[in-house]
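The primary structure of each chain is shown beneath.
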Amino acid sequence: MDLVIGPLDLPAHVDEALAVQAIAFGLGPDEVAVRRQIVLRHMANPGARAFGATVGERLVGFVYGMPNDRGHWWSTVVQPYLRAQGNEQWLDDSFVITELHVHPAHQNRGAGRALITTITDTASQPRSILSAIDTESPARALYHSLGYQDLARRVLFPSAPRPYAVMGAPLPLLRR
């Protein structure tokens with residue numbers, strides 16, 4: 001069956017999406033419960049939107065994001081790291097990719113690329129920012145191929161076991 005990318009009513013499909021994230025990111029039930037409340041809160045923000053990747057009726061990937069707000073928790077954590085690198089301006093007039101996950105059985109088939117380009121193509125902001133685990137990985141390789149550059153590395157989030165990189169790209173994203 002073919003992969004279909006389209007708008008996703010994330011609050012209505014939060015459990016399906018978090019099941020994908022749990023498998024893709026290795027989350028336990030307690031972490032999923034916490035993230036469920038975070039996702040629902042995020043989706044209430046102005047400009048928040050989500051897209052899903054489906055095969056038949058099955059959700060196999062999703063992305064969601066929103067215009068950045070310096071008052072949001074994520075921005076307050078990354079701001080000092082960005083300031084130290086001279087990149088604090090990236091927090092203004094940016095669209096944040098909050099989460100992007102694809103089920104491992106459907107990775108390396110273009111789903112992540114299609115999801116992130118679809119959501120950023122609908123952004124009115126001139127640039128996009130995101131955070132990713134700070135290691136060379138297929139996810140970071142994808143982001144680099146789309147034009148994202150490292151803005152700050154070794155970013156530590158409370159309770160996260162590994163450091164993250166904050167990345168930014170002008171919009172529209174690069175195409176192959």
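The structure displayed is predicted, hence computed values, not measured ones. (Residues numbered from 1 in each chain as written. Predicted model: local features only at pLDDT ≥ 70, side-chain atom pairs only at ≥ 80, totals over all residues. Heavy atoms only, no water.)

Our focus in this paragraph is the pattern of salt bridges. Applying the stated criterion across every chain yields a total of 11 salt bridges. Arg70 is the salt-bridge partner of Glu88, the closest N and O atoms lying 2.9 Å from each other. Linking Glu88 in the loop between helix 3 (73-84) and strand 4 (94-102) with Arg70 in the loop between strand 3 (58-67) and helix 3, this pair joins segments that are 18 residues apart in sequence. Across the pair Glu136 and Arg140 runs a salt bridge whose closest N-O atoms are separated by 3.4 Å. (Salt bridge = Lys/Arg side-chain N within 4 Å of Asp/Glu carboxyl O. Helix = DSSP H or I, 4+ residues; strand = E, 2+ residues; numbered from the N terminus.)

Burial within strand 3 is extensive, with 8 of its 10 residues counted as buried. Note: strand 2 (residues 49-55) against strand 3, 7 bridges, orientation antiparallel. Paired with Ala50 across the two strands is Tyr64, which belongs to strand 3. If you look at the hairpin formed by strand 2 and strand 3, you'll find 2 residues sitting between the two strands, and Gly56 has a positive phi there, around 65°. (Buried < 20%, exposed > 50% of the residue type's maximum accessible area, 1.4 Å probe, protein only. Pairing = 2+ DSSP bridges.)

This brings us to the nonpolar core. With 25 residues, the main nonpolar core has Ile97, Ile116, Leu130, Tyr143 and Tyr148 as its most contacted residues. Looking at this core, the elements with two or more residues in it are strand 2, strand 3, strand 4, helix 4 (111-121), strand 5 (127-133), helix 5 (138-145) and strand 7 (164-170). Here Leu130 is in contact with Trp74, Ile97, Ile116, Tyr143, Tyr148, Ala165, Val166 and Met167, once residues within four sequence places are set aside. Leu82, Leu91, Ile129 and Phe157 belong to the second largest nonpolar core, which has 15 residues in total. (Core = buried A, V, L, I, M, F, W, Y, C linked by side-chain atoms within 4.5 Å. Contact = heavy atoms within 4.5 Å.)

On to the sheet that holds strand 3, then. Strand order in this open sheet of 7 strands is 1-2-3-4-5-7-6, and the pairing throughout is mixed. Strands with a single pairing partner mark the edges of an open sheet, and in this sheet they are strand 1 (3-7) and strand 6 (149-155). Recorded for the sheet is a direction-independent mean angle of 20° between the axes of neighbouring strands. Of the strand pairs in this sheet, strand 1 and strand 2 are connected by 5 bridges, and their pairing is antiparallel. Bridge assignment links Pro7 to a residue of strand 2, and that residue is Phe51. (Axes fitted to C-alpha atoms, helices over the stretch in contact; angles between N-to-C directions.)

Before going further, it helps to examine the packing of aromatic side chains. One pass over the full model with this rule turns up 3 aromatic pairs. Relative to Tyr148, the ring of Tyr143 lies with its centre 5.9 Å away and its plane at 65°, an arrangement referred to as edge-to-face. The exposure class of Tyr143 is buried, given its relative accessible area of 7%. Overall, Tyr148 belongs to the buried group, its relative accessible area being 0%. A centroid spacing of 5.2 Å and a plane angle of 90° characterise the contact between Phe157 and Tyr164, whose relative ring orientation is edge-to-face. Through successive ring pairs, a cluster of aromatic residues spans Trp73, Phe157 and Tyr164. A cation over a ring is seen here: Arg127 above Trp90, with NZ or CZ 5.2 Å from the ring centre. (Phe/Tyr/Trp six-rings, centres within 6.5 Å; stacked < 30°, edge-to-face > 60°. Lys NZ or Arg CZ within 6 Å of the ring centre and 35° of its normal.)

Its location among the elements puts His42 in helix 2 (residues 29-42). Polar contacts involving the side chain of His42 include one to the side chain of Tyr64, which spans 2.7 Å. Not counting chain neighbours up to four residues away, the residues in contact with His42 comprise Ala48, Tyr64, Met66 and Thr98. (Polar contact = N/O pair within 3.5 Å; in protein donor to acceptor, adjacent residues only side chain to side chain.)

On to the side chain of Ser94, then. Positionally, Ser94 belongs in strand 4. Here Ser94 falls in the buried class, since its relative accessible area comes to 1%. For Ser94, the side chain forms a polar contact with the main-chain oxygen of Trp90, separated by 2.4 Å. Non-local contacts of Ser94, meaning those with residues more than four positions away in its chain, are made with Met66, Pro67, Asn68, Gln125, Arg127 and Ile129.

Purely geometric numbers; function is a separate question.
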